[in-house]
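A closer look at the structure
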Amino acid sequence: MFNIHTGFYCLAAILLQICVCSQFSVPSSHYFTEDPGAFPVASNGEPFPWQELRLPNVVIPLHYDLFVHPNLTSLDFVASEKIEVLVSSATQFIILHSKDLEITNATLQSEEDSRYMKSGKELKVLSYPAHQQIALLVPEKLTPHLKYYVAIDFQAKLADGFEGFYKSTYRTLGGETRILAVTDFEPTQARMAFPCFDEPLFKANFSIKIRRESRHTALSNMPKVKTIELEGGLLEDHFETTVKMSTYLVAYIVCDFHSVSGITSSGVKVSIYASPDKRNQTHYALQASLKLLDFYEKYFDINYPLPKLDLIAIPDFASGAMENWGLITYRETSLLFDPKTSSASDKLWVTKVIAHELAHQWFGNLVTMEWWNDIWLNEGFANYMELIAVNATYPELQFDDHFLNVCFEVITKDSLNSSRPISKPAETPTQIQEMFDEVSYNKGACILNMLKDFLGEEKFQKGIIQYLKKFSYRNAKNDDLWSSLSNSCLESDFTSGGVCHSDPKMTSNMLTFLGENAEVKEMMTTWTLQKGIPLLVVKQDGHSLRLQQERFLQGVFQEDPEWRALQERYLWHIPLTYSTSSSNVIHRHILKSKTDTLDLPEKTSWVKFNVDSNGYYIVHYEGHGWDQLITQLNQNHTLLRPKDRIGLIHDVFQLVGAGRLTLDKALDMTHYLQHETSSPALLKGLSYLELFYHMMDRRNISDISENLKHYLLQYFKPVIDRQSWSDEGSVWDRMLRSALLKLACDLNHAPCIQKAAELFSQWMESSGKLNIPTDVLKIVYSVGAQTTTGWNYLLELYELSMSSAEKNKILYALSTSKHQEKLQKLLELGMEGKVIKTQDLAALLHAIARRPKGQQLAWDFVRENWTHLLKKFDLGSFAIRIIISGTTSHFSSKDKLQEVKLFFESLEAQGSHLDIFQIVLETITKNIKWLEKNLPTLRMWLLVNT
C-alpha cells in the first residue's frame, strides 16, 4: 500500500501439508470447556467458542473457489465460496473472519464426500462482531490430517467507504455518473467481501469467478481463462487460479474502463486501465511500468511470477495505491499523467508510486511478513526500492536527492517521545491500520539505505536476492532478513573450497564487524526494536575526535527534569561515515558504545559526519565545529558534497528544536544560500525560512512575519527574478521554479502577482483553452482564486475537468481563499462527496488549516463533524490521522493545546484511542517551547539582517 502524502501531490510457504500448522502462533487448545462463561457471547446469545483476536491454528486454508455477482444498479452482491482446508488437530468448530456479511448457508464435506459427490452437512453459524469472526459448528469432530470443503453462501451491500468490496463513481465528459465495484483489502478488509482466514500467514490459492453485464469488464489477479454466456444476457468470467498468497492481496473489479497494453522483455502483458475519457492519460504509466518491471526482474534475479499485470486508476481510493498481486489499484493522481496539466512533481510522484507498487510484487506478495508488527518488511522495502529502481530507470528524475526528504520527514516524528519502534505489537484492526505510518514506510527505507551503504551495494543486493528466493510464497520476519544479509553468498559465489569471495573490496573494518552472522542482527535490532533516532555529538580536539551518542529529542531540553530519564537504556550500533577538509576519502567506524575516540591522520580545519546523509542520525559539532563548517560554506560551499550541504541545513535547524544550538547560528548558515548551486540544497534552506514565516503569520506575530517577508524577498530576489514562467530545465530546476514562484506570490511579491494574474486572465478569456506551463499552473490558479469571479470559475472547471492533476491544483488554489464563507463551502462539498470527492476531504482540511483565515474554521469543522467523519473513514485510517494532525499539529499556543487535549479526552471517553493523539499533543508542546525559546532571537536576528 502506498499512503498518499498530505497536501495535493501527495503512499505462501511450499511446505509439507502436515508441517504447515507449525507456523501459526495461536495455540489450538481453546475448545468449549465446562464453563461456557469463559467464552464471549455470540450475536444470538449463545457462547462463541473462541476468545482470541487471532484465529486458531487447527484449520488451514489451502484453496478458495470464490464466486461473486455484484449488481451495480441495486448496489449489492451475492456470492458463494468453497474453501478447501486441512485440519491439523481434532476440532468441532472452524473460526473464520467475516464482517458485515449476511451468511445464508454453510455446509461441510469431507474429502471422501466430495469424491463421491455426497451433499454437504449443514453447519450452524455463530457470529461474534466484536472480533469480526464467525464460528462454523460441525456435527462431529474433524479428523486431524484430513482435508475438508467448507461451502458458504453470503450476500451484502457494496460498501459506501473505501474498504472491502465497495462502490466507486465517476463522471463522463457528457455529465453521466457511472458506477464500478472495486476491492481494497489491506490490511484486514478481505473479511468484508468474503468469509476467510484473513491473516497474512494463511496463504492459499484462489480461483475466482465473476458474473457481470455485457457492458462491463471484470478484472482479477489472474488472466481470464473463459467467459460463459448465461440467460438474461449475463456473462460469467472465470480466472486462472492464483499463486499461493495472503487474503489481503486478492482483488476483483467490475467496471467499463478502457486500457492500453504492452509486453515486457520476459513476456508479461502489462495493461493500464482508466475510465474511458482518461485513456489518453495512461501512456506514461505504461512506459514506466514496462521499464520498472524489466528492471526488478533483473535486480531480484526472479521473474515476475504471473502472466499479466494490470494497473488501474480508481476514481475513489483511500490511499495512494494498493499492490494486489497482478491487479494494482491506484488513486488517479498516482497513475495518470496528463502532459497538459501534470507538473514535474506530478511526474516524479507517479513514477515513484508505480516503482513502489511493483517492488511489492516481490517484497510483500512473493515474501510476506508473518504478522502486521513487521509491516515495515513490506513497506520499508518498497520505499527503499523506489530509490534503487527510479535511479536506475529514470536517472533524469534525480530521485537520489528526493530520497533525503523521505528520511527528514520521519525524523520529525521519530524525535518525539511518542514515536514507536519500527517493529511493534499490533493486534486489533485499528492498531494494525496505525502501523501504516512514516515509521514503517520512511524509517524502514532509511535504515535499509544505511545498511546498504555499510555493507556495500553488491553484498546488500545478494542478501535480498537470497531472502526473496529462500522465502518465496512464504512468510518471513525481521530475523530472516538479517540472516540473509549476513549470509549473502549465493551458490554461484562459492569456490571449490567452499569459500565465498563475493566481496573482495570489503574493508577489513567491515569484515571484522561481520565476522559473525549475528552481527548484522545485533546492529539492526537496535534500529528496529527501539524507537527514536540517535544524536552523535562530535568534539574535535587537535588530532582526536571525541564521540558520544545520545537519544535525539525535539522539544525536551537537557535542562528539563525529564530529559535524563528519557535517555536511559537507549544505545544504537551506528555505522558512522565521515570526511574532512584534508581529504575526500570516506572514513568508516561503528559506534557501539556511548562514547568513543577516533584519531585523525592529519590536521584538518573541519570534519563532516554522515557522508551524503546515508546514515539515520543527527550530528552536533561541539566547540567550534559548526563555526568551521559555516565558514567553509561561506568561503567555498562546493568543497562539501551537495547532499552533505543539505544534511547540514537539516541538522542545524533540528538541533535548534532540541535546544542544542541557538537559532541565530542556524540562520547564519542560510547566508551562504545566495551562492548555492544545488536546487535541492537551496529548497531545503528556503523550506525552514518559509516554515518560520507561516508560523508567525498564523500566530499574527506581524512584526516578525513582515520582517521575514522582507528578508526572503530581499535576500533571494536574484534567484526569484531568474525564474522563468515555463517548464524548462531539469526536474529539480523545475521544482525549484515552482517553489520559488509560489513563495514569492504567497509573500505578495508584486512582479509575481502581476504575472500570475495576467496569465490567469488570458486563460479565462480563452475559456480555459490556453496552455499554461504545468510547473506554474498551481501558482496561477492560486492568484486567480483570490477574486470572487476567479474562484467561482475555478470551482466550475473543477467539476468538469478530466485531469486529476489539474483538479488537485484547482482544489489547492480554492483552499487559499481568504473568505471564510468560500472555505466553508469547500468543506461542505467535501462532506457531501459529489463535486469534491470524499477521498480528498482529508487533504482539503489540511490545506485550509494551514492558512491563517482557515485554521480555526478547519479545527471547528473537525470537532463539530467528528461523528460524520467516522462514518466516512475508519478510526485508524490514514485519512482520519491526516485530518487530526493536519488541523491541529501546527498550533503553538497553550490555549489551543488545552482545546486539543480536551477534545482527545472526550474521544477517549467514548472508546476512541489513537497513537496520533499523543503525537499531536507532543508536537503542539514542542511548538510552544520553540516559540518561547527562539522568538526573541528571531526578532533580533531579523532586525540586524534586514
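Structure first, text after, so check above.
Attention in this report is confined to the structure presented alongside it. This one's a predicted model, so the numbers in the text were calculated from it and none came from an experiment.

Criteria and cut-off values
- Residues numbered from 1 in each chain as written.
- Predicted model: local features only at pLDDT ≥ 70, side-chain atom pairs only at ≥ 80, totals over all residues.
- Heavy atoms only, no water.
- Helix = DSSP H or I, 4+ residues; strand = E, 2+ residues; numbered from the N terminus.
- Rg over C-alpha atoms; globule rule 2.2 N^0.38 Å.
- Buried < 20%, exposed > 50% of the residue type's maximum accessible area, 1.4 Å probe, protein only.
- Areas by Shrake-Rupley, 256 points an atom, 1.4 Å probe, with all protein chains shown as cover.
- Lys, Arg positive; Asp, Glu negative; His and termini not counted.
- Charge placed at Lys NZ, Arg CZ, Asp CG, Glu CD.
- Pairing = 2+ DSSP bridges.
- Axes fitted to C-alpha atoms, helices over the stretch in contact; angles between N-to-C directions.
- Disulfide = S-S within 2.5 Å.

Our focus in this paragraph is the overall build of the protein chain. The helix and strand tally for the protein chain stands at 30 helices and 29 strands. Computed over its C-alpha atoms, the radius of gyration of the protein chain comes to 29 Å, within 12% of the 30 Å expected for a compact globule of 946 residues. Taking the principal axes of its C-alpha atoms as reference, the protein chain extends roughly 90 × 75 × 60 Å. Scored against the burial criterion, the 946 residues of the protein chain give a buried share of 63%. When the accessible surface of the protein chain is split by element, carbon and sulfur atoms take 50% of a total near 35,100 Å². Between the mean site of the 94 positive side-chain charges and the mean site of the 111 negative ones, the protein chain shows a separation of 2 Å.

Among the seven residues that make up strand β25 (residues 574-580), seven are buried, leaving the element largely enclosed by the rest of the structure. Here β25 shows a buried face lined by I574, L576, Y578 and T580 and a second buried face lined by P575, T577 and S579. Strand direction decides the pairing type here: β25 and strand β26 (residues 583-591), joined by six bridges, are antiparallel. Within β26, the residue paired with P575 across the bridge is I590.

The three strands lie next to each other as β3-β7-β6, forming an open sheet whose pairing is antiparallel. Either end of the sheet is taken by a strand with one partner, and the two such strands are β3 (91-97) and β6 (124-128). For this sheet, the mean inter-axis angle between neighbouring strands, taken without regard to orientation, is 30°. Examined bridge by bridge, β3 and strand β7 (residues 133-142) share six bridges and lie antiparallel to one another. Bridge assignment links T91 to a residue of β7, and that residue is L142.

Further remarks concern the state of the cysteines. Considering all chains together, one arrives at two disulfides under this definition. A disulfide bridge connects C407 with C446, and the sulfur atoms are separated by 2.1 Å. The sign of the -110° torsion about the S-S bond sets the C407-C446 disulfide as left-handed. Residue C407 is located in helix α5 (residues 399-414), and its partner C446 is located in helix α7 (residues 438-455); the two are separated by 39 residues in the primary sequence. For the pair shown, C407 and C446 are each scored as buried. Between the sulfur atoms of C745 and its disulfide mate C752 the distance is 2.0 Å. Here the disulfide of C745 and C752 is left-handed, its torsion about the S-S bond being about -100°. The same class applies to C745 as to C752, namely buried.

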